[in-house]
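Structural characterization, general
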Amino acid sequence: MTKNLDYYMSLPYSKTLTFYNDESGQYYVSEVVELKGCSSTGNTQDEALECLQEAMECYLETALAYNDPIPEPAQLEDNGNFLKLPQSLYKTLLQKANAEGISLNQYAIQKLSQ
């Protein structure tokens, strides 16, 4: 199999989405966890993720052009459900995710990737 741009773009990379409200304003930052430095921003979640797709294409095109190594996402051996949380912890994490304007899964991925 040829590992070209289409190959890498089709892989299930992990993405995070973080909401910021600071002196710059309100915005979202999206990142590809496995591709260090591959990130983008947007005023909405959809815009940040759409811009991330473009950033990912540029990142991968550049890496391919210079024969740089490109990490691939880890292959999951199960359906990805590995945590059973106590109700109280689930509720706390859900509230924190909602406060940041992201899903619980995105929040967990973000925290675990730090």
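Here we summarise the structure given alongside this text. (Residues numbered from 1 in each chain as written. Predicted model: local features only at pLDDT ≥ 70, side-chain atom pairs only at ≥ 80, totals over all residues. Heavy atoms only, no water.)

**Here's the deal with the packing of helix H3 (residues 87-100) against helix H4 (residues 104-112)**
Threshold: Orientation is described by axes fitted as lines to C-alpha atoms, over the contacting stretch for helices, and by angles from 0 to 180 degrees between their N-to-C directions. Put simply, DSSP marks the helices as runs of H or I at least four residues long and the strands as runs of E at least two long, and each gets a number from the N terminus on. Should an angle fall under 35 degrees it is called roughly parallel, over 145 degrees roughly antiparallel, and 65 to 115 degrees roughly perpendicular, with every other angle called oblique. Working rule for contacts: check all heavy atoms of both residues, and any pair within 4.5 Å makes them a contact. Note on residue classes: Ala, Val, Leu, Ile, Met, Phe, Trp, Tyr, Cys and Pro are nonpolar, Asp, Glu, Lys and Arg are charged, and everything else, Gly too, is polar.
As a packed pair, H3 and H4 sit with axes 9 Å apart at the nearest point and diverge in direction by 95 degrees. Classified by the angle their axes make, H3 and H4 are roughly perpendicular. Between H3 and H4, the contacting residues are Tyr90, Leu93, Leu94, Lys96, Ala97 and Glu100 on the first element and Leu104, Tyr107 and Gln110 on the second. Of the residues contributing to the contact of H3 with H4, the split by class is six nonpolar, one polar and two charged.

**What about unusual backbone geometry?**
Here asparagine 67, not a glycine, exhibits a phi torsion of approximately 55 degrees, which is positive. Position of asparagine 67 among the secondary structure elements: in the loop between helix H2 (45-65) and H3.

**A few points about a nonpolar patch on the surface**
Condition: Without a salt bridge and with relative accessible area above 30%, a residue can belong to a patch; like charges are then joined within 9 Å and nonpolar side chains (Val, Leu, Ile, Met, Phe, Trp, Tyr) within 5 Å. Values of accessible area rely on a 1.4 Å probe in the Shrake-Rupley scheme; residue burial ignores everything except the protein chains shown. The term salt bridge refers to a pairing of a side-chain nitrogen on Lys or Arg with a carboxyl oxygen on Asp or Glu at a separation within 4 Å.
Among the surface-exposed residues, Leu83, Leu85, Leu89 and Tyr90 lie close enough to one another that they form a single nonpolar patch of about 350 Å² accessible area. Tracing the sequence through the fold places leucine 85 in the loop between H2 and H3.

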